[in-house]
Amino acid sequence: VAQRSETPAEFIEGLGAAMAKWLTRSAFVEGCPVATVALEVAPLHETLTPASEQAFTHWIDQIADHLVTLGLDTDEADAVAVSSMAALEGGMILARVRQDAAPLRTAMARLAATV
């Protein structure tokens, strides 16, 4: 997705499309294992909570770094990256529950429209 995107909006929407495709191919069985663990243990588990935070931070940083290469300033890229991760995770949960990728696509398309 990153290499094929020419604009920040295209990149964000592409992330949503890629995750929607992955969920659909798995018949909505697969999801984010980090989110699953974090929802169960954070903030109480002294090892898994920081490990989950580290994983999310790594993904957010990767998104932000690519957004900077596409022209966003650092502060905007950081804000969009955090929003993207929140939309991806929330969208995946709704998609799995509904057995329909539309919520994920919609969340990411709406976010892309604001970039």
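In this text the structure is predicted, and so the values were computed from the model without any measurement.

Trainee: Can you tell me about the overall build of the protein, naming the residues and giving the values?
Mentor: On a plain count of helices and strands, the protein comes out with five helices and zero strands. When the helices and strands of the protein are read in sequence order from the N terminus, they spell out α-α-α-α-α. In terms of overall dimensions, the protein is globule-like: its C-alpha atoms have a radius of gyration of 14 Å, near the 13 Å expected for 115 residues. Each principal axis of the C-alpha atoms in the protein carries an extent, and together these give about 40 × 30 × 20 Å. Scored against the burial criterion, the 115 residues of the protein give a buried share of 37%. Considering only residue pairs separated by 6 or more positions, the protein has 59% of its internal contacts joining residues 24 or more positions apart. Summed over its atoms, the accessible surface of the protein is roughly 6900 Å², and 58% of this surface lies on carbon and sulfur atoms. Computed over 7 positive and 15 negative side-chain charges, the separation of the two mean positions in the protein equals 15 Å.

Trainee: I'd like a description of unusual backbone geometry, backed by residues and values.
Mentor: Cis geometry marks the peptide bond from alanine 42 to proline 43; its omega dihedral reads 0°. Here proline 43 shows up in the loop between helix 2 (33–41) and helix 3 (48–69). Of note in the backbone geometry, alanine 27 takes a positive phi value of approximately 60° without being a glycine. In this structure, alanine 27 sits in the loop between helix 1 (8–25) and helix 2. Judged by relative accessible area, which is 46%, alanine 27 ranks as partly exposed.

Trainee: Break down the confidence of the model for the protein for me, with residues and values.
Mentor: In this model, the protein carries an average pLDDT of 93, and 99% of its residues clear a pLDDT of 70 or more. Least confident of the elements in the protein is helix 2, whose mean pLDDT is 86; most confident is helix 4 (residues 74–98), at 97.

Trainee: Break down the environment of leucine 39 for me, citing the residues and quoting the values.
Mentor: Looking at the element boundaries, leucine 39 is found in helix 2. Considering only alpha carbons, one finds leucine 39 and arginine 96, 57 residues apart in sequence, at a separation of 16 Å.

Trainee: Now, about the packing of helix 4 against helix 5 (residues 102–114): what can you tell me, with residues and values included?
Mentor: As a packed pair, helix 4 and helix 5 sit with axes 7 Å apart at the nearest point and diverge in direction by 160°. With respect to each other, helix 4 and helix 5 are oriented roughly antiparallel. Like other packed secondary-structure pairs, helix 4 and helix 5 cross with a definite hand, here right-handed. When helix 4 is examined against helix 5, the residues Val80, Ser83, Ser84, Ala87, Leu88, Gly91, Met92, Leu94, Ala95 and Arg98 are found in contact with a partner set consisting of Pro103, Leu104, Ala107, Met108 and Leu111.

Trainee: Any details on the side chain of serine 5? Residues and values, ideally.
Mentor: Position of serine 5 among the secondary structure elements: in the segment before helix 1. Aside from chain neighbours lying at most four places away, what touches serine 5 is Glu10, Phe11 and Leu70.

The rules behind these values
- Residues numbered from 1 in each chain as written.
- Predicted model: local features only at pLDDT ≥ 70, side-chain atom pairs only at ≥ 80, totals over all residues.
- Heavy atoms only, no water.
- Helix = DSSP H or I, 4+ residues; strand = E, 2+ residues; numbered from the N terminus.
- Rg over C-alpha atoms; globule rule 2.2 N^0.38 Å.
- Buried < 20%, exposed > 50% of the residue type's maximum accessible area, 1.4 Å probe, protein only.
- Contact = heavy atoms within 4.5 Å.
- Areas by Shrake-Rupley, 256 points an atom, 1.4 Å probe, with all protein chains shown as cover.
- Lys, Arg positive; Asp, Glu negative; His and termini not counted.
- Charge placed at Lys NZ, Arg CZ, Asp CG, Glu CD.
- pLDDT = per-residue confidence, 0-100.
- Axes fitted to C-alpha atoms, helices over the stretch in contact; angles between N-to-C directions.
- Parallel < 35°, antiparallel > 145°, perpendicular 65-115°, else oblique.
- Left-handed = near helix turned anticlockwise from the far one by under 90°.

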